[in-house]
Amino acid sequence: MFDIDDPDLPDWVKDEAFSSDGYPYKKKLDKDEYEETLEALQIELVKVQSWLGETGKRVISVFEGRDAAGKGGSIGATREYMNPRAARIVALPKPTDTERGQWYYQRYVDHFPTSGEFILFDRSWYNRAGVEPVMGFCTPEQHAHFLEETPSFERMPVKEGIFFFKFWLNIGREMQLKRFHDRRHSKLKAWKLSPMDIASLTKWDDYTEMRDLMLKETHTSHAPWTVVRANDKRRARINVIRTILTELPYTGKDKSVIGELDEAIVGAGFDAVKG
């Protein structure tokens, strides 16, 4: 049993959170090592932004994952030292009546990058692959249509020359419970816990089913999913940024600074989450 309103976190959650879903590490990345590595990678991101401005290249990075997976923190670490005028975070509210009557992807396309921009989507059109079918906000037919059409939709920006990243941040069930509990009992973080989050507590398996289907149907050669195991937020942020830096052909790239992706926590598509 788990009572989110009980200020005492159950031992079974506390003990299993970090290792949940078979996480391969016993403890967080050392804080000093994390901060030193992150700063070096953020310097490379500043180079990326200069390169985008000089060349007019464009980047889209989509961040998805269960509630409390660490999307906002990864986005924040990526954009922290980039000029916010050209590195924009897009986190759209629920659609208006007008938007509900539009082509489904339209309100997202309106935020695609212009010359020299780096756009970070904090959730995206993939709402229709997860929260909408689980919570009954779309019909089964709309969900199926989305899975069929999205690979073709994503081919368009890629063929236009936009660099396109899709990240799924994966966490274990006990880690999600721990993070929800932390939010519920923190005056600083309570705003992060929504009624939708509470409703999702009993729908873990439903979300898992939708995640697996999404990864199977929309992981393509032109728009692959990078799956990052995110029980440790520090390692997750480092590897998200490394993925971006590894793929972008920017001026002044220092491969020795970027380092290697951690294959223990970074994978591709459905193969990275299947049991």
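(A) Geometry of a positive patch on the surface. There is a patch of like positive charges on the surface, built from Lys-28, Lys-189, Lys-192 and Lys-233. Positionally, Lys-233 belongs in helix H11 (residues 233-247). Taking the relative accessible area as the measure of exposure, Lys-233 reaches 36% and is therefore partly exposed.

(B) Focus on the side chain of Ser-20. If you trace the backbone, Ser-20 turns up in the loop between helix H1 (11-16) and helix H2 (31-55). A relative accessible area of 5% places Ser-20 in the buried class. Separated by 2.6 Å, the side chain of Ser-20 and the backbone oxygen of Ala-17 make a polar contact. When residues no more than four places from it in sequence are discounted, the contact partners of Ser-20 are Gly-172, Arg-173, Glu-174, Met-175 and Asn-231.

(C) Quick peek at the packing of helix H3 (residues 71-79) against H11. Following both chains from N to C, one finds H3 and H11 inclined at 55 degrees, their axes separated by 9 Å at the closest point. Judged by the angle between their axes, H3 and H11 are oblique. With respect to the hand of their crossing, H3 and H11 are arranged in right-handed fashion. From H3, Gly-73, Ser-74, Ala-77 and Thr-78 reach across to H11, where they touch Arg-237, Val-240, Ile-241 and Ile-244. Each residue belonging to the contact of H3 with H11 can be placed in one class, and the counts come to four nonpolar, three polar and one charged.

(D) Geometry of the environment of Ile-60. Within the secondary structure layout, Ile-60 lies in strand E1 (residues 59-65). When its relative accessible area of 0% is taken as the criterion, Ile-60 is described as buried. For the pair Ile-60 and Glu-149, spaced 89 residues apart in sequence, the C-alpha separation works out to 19 Å. Filtering out sequence-adjacent residues up to four positions away, Ile-60 remains in contact with Phe-112, Pro-113, Ile-119, Phe-121, Ile-162, Phe-163, Phe-164 and Phe-165.

(E) Structural detail: the pattern of salt bridges. Here the structure, examined in full by the defined rule, presents 14 salt bridges. One salt bridge connects Glu-64 with Arg-123, and the closest N-O pair in it is separated by 3.7 Å. Note that Glu-64 is positioned in strand E1 and Arg-123 in the loop between strand E3 (118-122) and helix H6 (131-135), a separation of 59 residues in sequence. Note on Glu-64: relative accessible area 2%, which makes it buried. Accessibility expressed as a relative area gives 24% for Arg-123, which makes it partly exposed.

Reading the values: rules and limits
- Residues numbered from 1 in each chain as written.
- Predicted model: local features only at pLDDT ≥ 70, side-chain atom pairs only at ≥ 80, totals over all residues.
- Heavy atoms only, no water.
- Patch = residues over 30% accessible without salt bridge, like charges linked within 9 Å, V, L, I, M, F, W, Y side chains within 5 Å.
- Areas by Shrake-Rupley, 256 points an atom, 1.4 Å probe, with all protein chains shown as cover.
- Salt bridge = Lys/Arg side-chain N within 4 Å of Asp/Glu carboxyl O.
- Lys, Arg positive; Asp, Glu negative; His and termini not counted.
- Charge placed at Lys NZ, Arg CZ, Asp CG, Glu CD.
- Helix = DSSP H or I, 4+ residues; strand = E, 2+ residues; numbered from the N terminus.
- Buried < 20%, exposed > 50% of the residue type's maximum accessible area, 1.4 Å probe, protein only.
- Polar contact = N/O pair within 3.5 Å; in protein donor to acceptor, adjacent residues only side chain to side chain.
- Contact = heavy atoms within 4.5 Å.
- Axes fitted to C-alpha atoms, helices over the stretch in contact; angles between N-to-C directions.
- Parallel < 35°, antiparallel > 145°, perpendicular 65-115°, else oblique.
- Left-handed = near helix turned anticlockwise from the far one by under 90°.
- Nonpolar A, V, L, I, M, F, W, Y, C, P; charged D, E, K, R; others polar.

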